[in-house]
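Below are the chains, spelled out letter by letter.
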Amino acid sequence: GGGGGGPQKGGAAGGATGDKSPNHGGADLTTCARGKMWDTRRRKCVPERSGALSDPALTEYAFALAKAERYDEALEALDLLKNPNTPHALNYRGYATRKLGKTEEGIGYYLKSVALDPGYAQVREYLGEAYVLQGKIDLAKEQLATIRKLCGSQECEEYEDLAEALKQAHAL
């Protein structure tokens, strides 16, 4: 007898949606229904609980949720981290917080991330975008200049995205 219980062939696994985005370093942006999280190693949705994923995998899953505009869930996922004070975790917490309208609080997380890893271009892009939202164009341009030093102005997504945000604010 039997049947059921095995991996699903074709279609989404356990209600998973998403893709590998070339715009985010090939990050797996697959997300699952609320209460579950995407296990990239096992390629399926697993119940959401502390310890279900390694901190790096959980951090990346939080980013996938944030990019899917599921900001509260992204913050909930980050709350499950054993070590929430890594550059990536702080960056993604800042991103989700900023997208929920708490720009100043988001900037606080970005600044902690920058302090831990001054060479992390993505956090500088998001910090610059937050400064643009606040009208602090000089501070946003400082981040753009730093990103240029880190990865150039050609073929550097972080540079291009922040430069575009500044253009849209008529500041570049």
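You'll find the structure just up there.
To keep things clear, this report deals only with the structure shown in the data block. (Residues numbered from 1 in each chain as written. Predicted model: local features only at pLDDT ≥ 70, side-chain atom pairs only at ≥ 80, totals over all residues. Heavy atoms only, no water.)

### Some details on the overall build of the chain
Then comes step 1: Helix and strand counts for the chain come out as seven helices and two strands.
Then comes step 2: For the chain, the succession of helices and strands along the chain, N to C, is β-β-α-α-α-α-α-α-α.
Then comes step 3: Expressed as a percentage of the 172 residues in the chain, the buried residues total 45%.
Then comes step 4: For the chain, the share of sequence-separated contacts (at least 6 apart) that also reach a separation of at least 24 residues comes to 46%.
Then comes step 5: Of the accessible surface of the chain, which amounts to about 9,100 Å², a share of 49% is contributed by carbon and sulfur atoms. (Helix = DSSP H or I, 4+ residues; strand = E, 2+ residues; numbered from the N terminus. Buried < 20%, exposed > 50% of the residue type's maximum accessible area, 1.4 Å probe, protein only. Contact = heavy atoms within 4.5 Å. Areas by Shrake-Rupley, 256 points an atom, 1.4 Å probe, with all protein chains shown as cover.)

### Thoughts on the pairing of strand β1 (residues 36-39)
Then comes step 1: Where β1 and strand β2 (residues 44-47) come together, four bridges link them in antiparallel fashion. In the sheet register, Asp39 faces β2, and the bridge partner there is Lys44.
Then comes step 2: The antiparallel hairpin formed by β1 and β2 contains four residues in its connecting segment, where Arg43 sits at a positive phi of about 60°. (Pairing = 2+ DSSP bridges.)

### Some details on the environment of Cys45
Then comes step 1: Along the chain, Cys45 falls in strand β2.
Then comes step 2: Spatially, the C-alpha atom of Cys45 lies 9.3 Å from that of Thr30, the residues being 15 residues apart in sequence.

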